Amino acid sequence: MTDIILHHYPMSPFAEKIRTILGAKQLAWKSVIIPRIMPKPDVVALTGGYRKTPILQMGANIICDTALIARKLNALAPMPDLYPAHAAMSAPAIAAWADSLLFNSAVPLAFTPEVLAQTFAGREAEMQAFVADRVAMRKDAPMPRVSAHDARNNFILWLGKLERELAIGSTYLFGNSPTIADFSVYHPLWFVATKPLAGELFKDYPNVRRWMAGVKALGHGNSTEISSTEALAIAKDTKIKLDGEGSALPDLEPGDTIVVAPTDYGIDPVQGRLVYCNDVEVVLAREDERAGKVAVHFPRLNYSIKKAGL
Ligand SMILES: N[C@@H](CCC(=O)N[C@@H](CS)C(=O)NCC(=O)O)C(=O)O
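Residues numbered from 1 in each chain as written. Predicted model: local features only at pLDDT ≥ 70, side-chain atom pairs only at ≥ 80, totals over all residues.

J.: Hey, could you run me through the overall build of the chain in this one?
T.: Within the chain one finds 10 helices and 10 strands. Against the compact-globule benchmark of 19 Å for 310 residues, the chain has a radius of gyration of 19 Å, which places it among compact chains. Its C-alpha atoms give the chain principal-axis dimensions of roughly 55 × 50 × 40 Å. Contacts in the chain between residues at least 24 apart in sequence constitute 73% of all its contacts with a sequence separation of at least 6. (Helix = DSSP H or I, 4+ residues; strand = E, 2+ residues; numbered from the N terminus. Rg over C-alpha atoms; globule rule 2.2 N^0.38 Å. Contact = placed C-beta atoms within 7 Å.)

Encoded structure:
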């Protein structure tokens with residue numbers, strides 16, 4: 001099996017989603033710690049422009065976005081099944097809600113001026129650079145950030161609903177085995193709960209805390225740190241592996257030069273030649289001096305996929 005390499009940093013909630021899935025599946029993986037803010041030259045060498053965290057590398061295949069990363073890991077290690085038949089519609093639907101709306105309401109709570117001051121503990125320049133980077137990432141983004149006031153109201157409303165649902169006593173959201181819904185709901189809550197000043201929000205929700213402790217107990221699997229230089233060398237020394245062909249999009253054919261970009265925030269475009277596109281993913285090939293020939297995979301949903309020049 002090709003090594004699983006996760007490019008991430010400890011504080012990233014979406015990375016925590018994937019680390020916890022790696023834990024549930026008890027996988028061994030290589031860890032590359034990447035910068036929290038731009039520039040990220042070694043990430044961009046692999047992706048061609050996509051800058052969000054995390055990304056998954058398997059040899060010369062680069063998987064962007066946790067929606068697709070989770071599906072790839074589930075195919076690689078099918079148990080526990082993150083997409084079981086009894087929640088085939090509901091679990092991904094809850095996950096999509098959590099990854100967008102719940103996450104969008106968690107960010108302002110974890111980034112209030114007080115929490116930021118505590119997180120950066122006097123490293124003023126670093127804090128300013130972080131805030132400026134995130135403002136730039138959200139500039140012109142179709143999905144604007146929610147105000148701290150509204151975020152708090154939403155968050156408390158959702159915590160209450162989750163508490164009621166979990167009060168029934170099941171270990172996970174859809175029974176006694178975790179699904180994609182558990183990991184997607186967990187990471188925005190983890191983001192807030194791990195901030196000393198914001199954690200008190202959870203005190204009236206014992207069943208949410210019990211469920212969170214259960215997800216946390218799944219661990220992060222078994223990781224070994226490697227450098228981004230080593231990861232680039234692995235990409236360069238490995239051949240692209242493909243498990244699809246053709247194009248499910250009538251206006252595009254394999255070989256076309258295409259541009260793929262997220263449609264919510266951090267909308268940096270990536271250009272390359274279409275390798276294949278099915279209902280789940282679009283894959284483009286590109287070449288980089290340091291990473292060699294790579295295939296970059298994006299989910300179909302929440303991405304714009306167009307012929308270059310349009
Ligand atoms: N839809 C993406 C969202 C990823 C995302 O927003 N990640 C945050 C960190 S948790 C991010 O990229 N922040 C900016 C950065 O790390 O440069 C996914 O599911 O992977």
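Past the structure itself, the notes keep going.
J.: What exactly am I supposed to notice about the site of the ligand here?
T.: Around the ligand, the structure places 13 residues, and the nearest of them are Ser12, Phe14, Lys52, Thr53 and Thr66. Those elements giving two or more residues to the shell around the ligand turn out to be α1 (13-24) and α3 (66-76). Considered class by class, the residues forming the shell around the ligand number four nonpolar, four polar and five charged. (Near = placed C-beta within 6 Å. Nonpolar A, V, L, I, M, F, W, Y, C, P; charged D, E, K, R; others polar.)

J.: Looking at this model, I keep getting lost on the sheet that holds strand β7 (residues 270-277). Mind explaining?
T.: What links the strands of a sheet is backbone hydrogen bonding, and the strands pair in either a parallel or an antiparallel sense. Taken together, the 10 strands give an open sheet; going across it, the order is β5-β2-β1-β3-β4-β9-β8-β7-β6-β10, and neighbouring strands pair in mixed fashion. Every interior strand has two partners, whereas the edge strands, β5 (222-225) and β10 (303-307), have only one. Neighbouring strand axes in the sheet, compared pairwise and without regard to direction, differ in orientation by 35° on average. (Pairing = 2+ DSSP bridges. Axes fitted to C-alpha atoms, helices over the stretch in contact; angles between N-to-C directions.)

J.: How should I be thinking about the environment of isoleucine 21 in this particular structure?
T.: Tracing the sequence through the fold places isoleucine 21 in helix α1. Sequence-wise, isoleucine 21 and leucine 73 are 52 residues apart; in three dimensions their C-alpha atoms are separated by 8.1 Å. Apart from residues lying up to four places away in sequence, isoleucine 21 is in contact with Ala70, Leu73 and Phe183.

J.: Even after reading the chapter, I still don't get α1, so can you show me in this structure?
T.: With 12 residues, α1 should cover 16 Å at 1.5 Å per step; its first-to-last C-alpha distance of 16 Å lies within 8% of that length. Counting buried residues along α1, 12 of its 12 residues qualify, which places the element largely inside the surrounding structure. Of all the positions in α1, only Pro13, Phe14, Ala15, Glu16, Lys17, Ile18, Arg19, Thr20, Ile21, Leu22, Gly23 and Ala24 are classed as buried. In this structure, the buried residues of α1 make contact with β1 (5-8), β2 (28-33), α3, α4 (90-110), α8 (180-193) and α9 (206-216). At the C-terminal side of α1, glutamine 26 shows a positive phi close to 50°. (Expected span 1.5 Å × (residues − 1). Buried ≥ 20, exposed ≤ 12 C-beta atoms within 10 Å, placed from the backbone.)

J.: Just checking my understanding: could you explain the pairing of β1 for this structure?
T.: For a regular strand, side chains alternate in direction, first toward one face of the sheet and then toward the other. Neither face of β1 is exposed, since Ile5 and His7 on one face and Leu6 and His8 on the opposite face are all buried. Relative to β2, β1 runs parallel, the two sharing four bridges. Within β2, the residue paired with isoleucine 5 across the bridge is lysine 30. Handedness of the β1-α1-β2 crossover: right-handed. (Right-handed = clockwise from strand over helix to strand, strands pointing away.)

J.: Could you clarify how one ought to interpret the environment of asparagine 74 in this entry?
T.: By the element assignment, asparagine 74 lies in helix α3. Looking at asparagine 74, the number of C-beta atoms within 10 Å reads 17, which means it is partly exposed. As a C-alpha pair, asparagine 74 and histidine 149 span 75 residues in sequence and 37 Å in three-dimensional space.

J.: Any chance you could explain unusual backbone geometry here in plain terms?
T.: Leaving glycine out, the prevailing phi sign among residues is negative, and the prevailing peptide bond configuration is trans. The linkage connecting methionine 38 with the following residue, proline 39, adopts the cis geometry, with an omega of 0°. Looking at the element boundaries, proline 39 is found in the loop between β2 and α2 (41-47). Looking along the chain, the bond that leaves methionine 79 and enters proline 80 is cis, with omega of -10°. Looking at the element boundaries, proline 80 is found in the loop between α3 and α4. Of note, the phi angle at glutamine 26 is positive, near 50°, even though the residue is not glycine. Tracing the backbone shows glutamine 26 in the loop between α1 and β2.

J.: What exactly am I supposed to notice about helix α6 (residues 124-138) here?
T.: Along an α-helix, residues three or four positions apart point the same way, because every turn accommodates 3.6 residues. A rise of 1.5 Å per residue sets the reference length of α6, with its 15 residues, at 21 Å; its end C-alpha atoms lie 21 Å apart and thus fit the reference within 8%. Residue aspartate 140 follows α6 closely and has a positive phi angle near 60°.

J.: What is the right way to look at the domain arrangement of the chain in this model?
T.: Interface size is commonly expressed as the accessible surface area that is lost when the partners come together. Considered domain by domain, the chain is made up of domain 1 (5-79 + 223-307) and domain 2 (85-216). Between domain 1 and domain 2, the C-alpha centre-to-centre distance is 24 Å. In this complex, domain 1 contributes 17 residues to the contact, which on the side of domain 2 involves 20 residues. No other element matches the seven residues that α1 contributes to the side of domain 1 that touches domain 2. (Domains from an automatic or database assignment.)

J.: Teacher, can you tell me more about the pairing of strand β6 (residues 257-262) here?
T.: Along β6, the buried face is formed by Ile258, Val260 and Pro262; none of Thr257, Val259 and Ala261, which line the opposite face, is buried. Bridging between β6 and β7 involves four bridges; their strand directions are antiparallel. Across the sheet, valine 260 pairs through a bridge with valine 270, a residue of β7. Bridge analysis of β6 against β10 gives five bridges, and the strand direction is antiparallel. From the neighbouring strand, alanine 261 faces β10, where its bridge partner is serine 304.

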